[in-house]
Amino acid sequence: MPTISLCMIVKNEEVHIARCLESMAELVEEMVIVDTGSTDRTVEIVSNYTPNVYSYPWKDDFSDARNYSFSKASMDYCMWMDADDILEETERDKFLQLKQSLPSETDIVMMKYNTSFDEAGKPSFSYFRERWIRNCTRYRWIGAVHEVIPPNGKVIYSDIAICHRKMIAGDPDRNLKIYQKMIADGKFLELRQQYYYGRELYYHKQYEEAVSVLEQFLLSAEGWIENKIEACSICANCYYQLGQEQAALTTLLRSMSFDLPRAELCCEIGKYFLEHENCHNAIYWYKTALNIPKNEFSGGFMLPDCYDYIPFLQLCVCYDKLGDRQKAKEYNERAGACKPYSQSYLYNKRYFDSL
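Given the structure is predicted, the values throughout are model-derived calculations rather than measurements.

A. Summary view of the environment of Lys 154. Relative to the helices and strands, Lys 154 is located in the loop between strand E7 (123-134) and strand E8 (155-164). Note: C-alpha distance between Lys 154 and Val 109 (45 residues apart in sequence) is 8.7 Å. With near-sequence residues (within four places) excluded, Lys 154 lies in contact with Glu 105, Thr 106, Asp 107 and Ile 108.

B. Here's a closer look at the side chain of Arg 199. With respect to the helices and strands, the residue Arg 199 is situated in helix H6 (residues 191-203). Despite being buried, Arg 199 has no salt bridge partner; Glu 230 is the closest side chain of opposite charge, sitting 5.2 Å away. If sequence neighbours within four positions are ignored, Arg 199 has contacts with His 146, Leu 214, Ile 234 and Phe 301.

C. Quick peek at a nonpolar patch on the surface. A cluster of nonpolar side chains, contributed by Val 15, Met 167 and Ile 168, occupies part of the molecular surface with about 270 Å² of accessible area. Along the chain, the position of Met 167 falls in the loop between E8 and helix H5 (174-184). With relative accessibility at 48%, the residue Met 167 sits in the partly exposed group.

D. Here's a closer look at the nonpolar core. Counting 108 residues, the largest nonpolar core has Leu 6, Met 8, Met 24, Met 79, Phe 95 and Trp 132 as its most contacted members. Dropping the residues within four chain positions of it, Met 8 is found in contact with Ile 17, Cys 20, Leu 21, Val 32, Ile 33, Val 34, Ser 69, Met 81, Asp 82 and Ala 83.

E. Geometry of the sheet that holds strand E1 (residues 4-10). Ordered in space as E3-E2-E1-E4-E7-E6-E8-E5, the eight strands form an open sheet in which the pairing is mixed. On the outer flanks of this sheet lie strand E3 (53-55) and strand E5 (85-86), each paired with one strand and no other. Looking at chain direction, E1 and strand E4 (residues 77-80) are connected through four bridges and run parallel. Note that in E4 the partner of Ser 5 across the bridge is Cys 78. On top of the sheet, helix H1 (residues 17-24) reaches E1, strand E2 (30-35), E4 and E5; it is set at about 175 degrees to E1, its chief contact. In the packing of helix H4 (residues 92-101) onto the sheet, the strands contacted are E1, E4, strand E6 (108-117), E7 and E8, and the crossing angle to E8 comes to about 155 degrees.

F. Looking closely at H5. Looking at H5, one finds that the buried residues are Asn 175, Leu 176, Ile 178, Tyr 179 and Met 182. Buried residues of H5 fall within an arc of 160 degrees about the axis and therefore sit on the same side. Of the residues trailing H5, Gly 186 is marked for its positive phi of about 80 degrees.

G. Structural detail: unusual backbone geometry. Within the chain, Asp 60 stands out as a residue other than glycine whose phi angle is a positive 55 degrees. Mapped onto the fold, Asp 60 is located in the loop between E3 and helix H3 (62-71). A positive phi angle is found at His 146, which is not glycine, with a value near 50 degrees.

Cut-offs used in this document
Residues numbered from 1 in each chain as written. Predicted model: local features only at pLDDT ≥ 70, side-chain atom pairs only at ≥ 80, totals over all residues. Heavy atoms only, no water. Helix = DSSP H or I, 4+ residues; strand = E, 2+ residues; numbered from the N terminus. Contact = heavy atoms within 4.5 Å. Buried < 20%, exposed > 50% of the residue type's maximum accessible area, 1.4 Å probe, protein only. Lys, Arg positive; Asp, Glu negative; His and termini not counted. Salt bridge = Lys/Arg side-chain N within 4 Å of Asp/Glu carboxyl O. Patch = residues over 30% accessible without salt bridge, like charges linked within 9 Å, V, L, I, M, F, W, Y side chains within 5 Å. Areas by Shrake-Rupley, 256 points an atom, 1.4 Å probe, with all protein chains shown as cover. Core = buried A, V, L, I, M, F, W, Y, C linked by side-chain atoms within 4.5 Å. Pairing = 2+ DSSP bridges. Axes fitted to C-alpha atoms, helices over the stretch in contact; angles between N-to-C directions. Arc of directions from axis to C-beta.

Shown next, in the form of structure tokens:
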């Protein structure tokens, strides 16, 4: 059975860190904690779990710090987590079973990363990340922000999920500041970093700058397809904010020049037509979303609700606007089958019951 080193970089995480380490304490053979300048009780807390606590100067480079943490690992595989991540109780047995059954030639294990949750605590946004990485110099992090280990060798996918459950907000400007400093220092942003830089600009409501960066990214012949499709979605949102609705629709449709339609983009196109009182076109796109199979292993960001719940709910609205109350009610019930606790579904149900 393979051995695992949990490798973490932390700073001022006294609120989260014990919860994370408790969830992993009996599952890994080693914990390596690299502190990058905590001024709270973080170091004191982690010292109760492992003697392998190291201090490392922060250099505005996540890859640099993560590679340092990997360099201190002594087990077969390195596993990374952030302090506000947790392996929930429901995943523990699957984690242990995977350790016992892992093929010896495995280099990287991809696991689900659930980062947003609905009102019932169910994942509403998820994607796959490299989680167990063979401990050798072949695998190293790249990228100062939104760092990644390029997958190669024998890669397997697991449905084990790590959940990102932040209890207090971090610095919302940190990533953008790092990118801006890199640019000011004359450093070149490779394509993946251009995409994430554009995304940070969007989050900071710098819509014109975000469009400029992301359009450059989209024009490149290189770049990962999933990032290109997501960039179309972000660009469209920027155009909406800038009052350029036709450009938003054009950009959403442009996403299909990169690959087959994604349910997430179809729902956005449907929303455009619904907001413009074109229910027939909206119905087409929401039904198209329903017919697209989930591809959880594409590696891209995924909104599971776009494959059933959201199209059902919006089709209810469309048919109600068209006066077909029976179809509207049927689609609301189908939305309720997905999420019986949904306030939108329950509101609609009361509406139909009152008619």
